[in-house]
Every structure is written in structure tokens, then in C-alpha cells.
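Summary of structural features
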Number of protein chains: 2
Amino acid sequence: MAAARVSIARVFHALGDPTRRAIVDRLSEAPSSVSRLAAPLAITVTAVAQHLAVLEKSGLVRTQKVGRVRHCSIESAGFDALTQWVAEHRRQWEHRLDRLGEILDEEE
Amino acid sequence: MAAARVSIARVFHALGDPTRRAIVDRLSEAPSSVSRLAAPLAITVTAVAQHLAVLEKSGLVRTQKVGRVRHCSIESAGFDALTQWVAEHRRQWEHRLDRLGEILDEEE
DNA sequence: TTGATACTGAAGTACAGACTTGAGTAATCG
DNA sequence: CGATTACTCAAGTCTGTACTTCAGTATCAA
């Protein structure tokens, strides 16, 4: 799967930044060019391009240059990796939380 | 819910660091003290305590000082916030991905 | 009470990351 | 063709974060 090639570290790091989450939200609504993404964000097009590079490496966004315009859209790989991480941890987590009081009592 | 008080930004930021993910993984297995967490991590106890402060603010970890030992364990709030974020985006995302080809054709 | 343990706080270093400017390239328009 | 558009590249700045050391404080054990 594509998710296997994606590092969860990159996904978390990418989504840690508010501007990048805003970009992801925008692209979840509709694909966009770099300059259209930059327009409402009080930063330069260059900065947006840098964010897009991070998002692309994390597998959350796909971009493709057509003529002089770069079309950006959501990609599933990063999202899949995140979903998988959450699913893997949920079992352990819930199990642990259920038994937490009991475990604390056992501990010395 | 506790998740409402948790900022998803903090959760992503907290989980962006490999050491903190390692700590979360360890605490998913069993609660631990600060020094026991630090032992296998080639960093100082102070650094671990700093990571724990980040994890605690993000709602992923709960700590409680008993005597001179700080007991650390998993907390659900951060995890809930993450699960919620993923769930909210999944719908949009899947919907968008399904229609991606179509949308790209419509775009000019 | 003395010494070891388990942290805590303050301060400083070093590197990463978000951002900028400025110059450049390539595609499209008139 | 020349002008505009849409981005790209290379520096460079500046803030934030991960980490350290060192000097505490509080607790527990003997």
C-alpha cells in the first residue's frame, strides 16, 4: 500500500503546523493551485510552496505541474498512515485505560 | 468531554517527535516513572521530564507525583482529539478522493 | 541524621524550521 | 515579439525546540 512508504513521523510533523493544516483543509474542499492557496494566507507564495513540499513528502498532498501552474490535491497515503497509527494504538490504549486503576494499585 | 479542551495542534506537535512517540508507546504498555522512562533513551532525565510536560499539555499523558516519584500514564483526551480529527476528515477526504478525477477534468 | 534517589528549575547551546527577499525560468497572453 | 503570470531557487534571518549542565529540593531508606 502507499501508506507503507509514508513515515508517520512526517505525517505528524506536517500536521503540527497550523498553516499546513489550513492547506490540507482547503485541499479537502477542492484542488487548488499554489497561488490560490497562498491568497488568503498572510504569507508569500514561496512559503506556501515550501509547506507544500513538506505535505508532499508526508504523503498528505499530491502535486502535479501542468504548464506553469502546479495543481495540488489531497493524497490518501499520509491519511492512511495516520488512520493506521490511530487504529493500532487504539486497542492498546483502550485496554490500558480500562485497567488503569487496577494497574496503579498493583504498582509499588 | 476532555477532548474538547485539547488542541489538535498540540497533539500533532507532541507526536511529531520520535522520542515522545517512544514514550507514548512505552506508556501504552505500562505506566512508568520518569527515570524508568529515561533509562533506555540516550537522553537525560531532565529532557524526558520536558517531553512529559509537552505530552501532558497535549492531553496524551497524565502524571501524578507520589512521594518523590512521578507516575506517568496514558490519558485519553489527546487520543480522543486525534481520533475525532481523523474521523472528521475521513468523510471529506474519501468523498474528495472518489471524485478527484472528475474534479480535475472540470477544473480549468 | 546521613546519604542516596527522584525529580525540578534556571540558564545556556545548537540546530531545525518558518519565513523573507531577490533573482531567475518557463508558460501564456496580447 | 514583449509583458505578465506562476512558480522556483538560493540565501539569509529569526524564532522555537531539543538538549545539556549544574544547582537545587523533597523523599525515602538505613
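Report on the accompanying structure. Owing to the predicted nature of the structure, the values given are computational and were not obtained by experimental measurement. (Residues numbered from 1 in each chain as written. Chains lettered and ligands numbered in written order. Predicted model: local features only at pLDDT ≥ 70, side-chain atom pairs only at ≥ 80, totals over all residues.)

1. Quick word on the protein's contact with DNA strand C
Worth spelling out the cut-off: Note on definitions: a residue is near a molecule or strand provided its C-beta atom, placed from the backbone, lies within 6 Å of it. Secondary structure follows DSSP: runs of H or I at least 4 residues long count as helices, runs of E at least 2 residues long count as strands, and numbering of each begins at the N terminus. Only Asp, Glu, Lys and Arg are considered charged in this grouping, and only Ala, Val, Leu, Ile, Met, Phe, Trp, Tyr, Cys and Pro are considered nonpolar; every other residue, Gly among them, is considered polar.
Around DNA strand C there are 21 residues in total, and A:Thr44, A:Ala47, A:Gly67, B:Val34 and B:Ser35 lie nearest to it. For the surface near DNA strand C, the elements supplying multiple residues, two or more each, are α4 (45–57) of chain A together with α3 (34–38), α4 (45–57) and β3 (69–74) of chain B. Partitioned by chemical class, the residues of the surface near DNA strand C number seven nonpolar, nine polar and five charged.

2. Description of the protein's contact with DNA strand D
For DNA strand D, the set of nearby residues contains 21 residues, the closest of which are A:Ser33, A:Ser35, B:Thr44, B:Ala47 and B:Gly67. Counting only elements with at least two residues in the surface near DNA strand D, the list comes to α3 (34–38), α4 and β3 (69–74) of chain A together with α4 of chain B. Of the residues forming the surface near DNA strand D, the biggest block, five residues, is contributed by α4(B). Looking at the surface near DNA strand D residue by residue, the classes come out as seven nonpolar, nine polar and five charged.

3. Section: the environment of B:Ala77
For B:Ala77, the location among the structural elements is in helix α5 (residues 76–98). In sequence terms B:Ala77 and B:Arg5 are 72 residues apart; their C-alpha atoms lie 8.1 Å from each other.

4. Things to note about α4(B)
Residues and elements named next belong to chain B. Selection rule: Here a helix's expected span is defined as the number of its residues, less one, multiplied by 1.5 Å. Three classes are used. A residue is buried when 20 or more other C-beta atoms lie within 10 Å of its own, exposed when 12 or fewer do, and partly exposed in between, with C-beta atoms placed from the backbone. Along the arc lie the directions from the helix axis toward the C-beta atoms. Note that contacts rest on C-beta atoms placed from the backbone: two residues are in contact if these are within 7 Å.
Taking 1.5 Å of rise per residue, the 13 residues of α4 would be expected to cover 18 Å, and the 18 Å separating its terminal C-alpha atoms lies within 8% of that figure. Taken residue by residue, α4 has Val48, His51, Leu52 and Leu55 as its buried positions. The buried side chains of α4 occupy one side of the element, clustering within an arc of 105° when seen end-on. Opposite its buried face, α4 presents the exposed residues Thr46 and Ala53, each directed more than 90 degrees away. Looking at the buried residues of α4, the elements they touch are α1 (8–15), α2 (18–29), α3, β2 (61–66) and β3. Trailing α4 by a residue or two, glycine 59 shows a phi angle of about 80°, which is positive.

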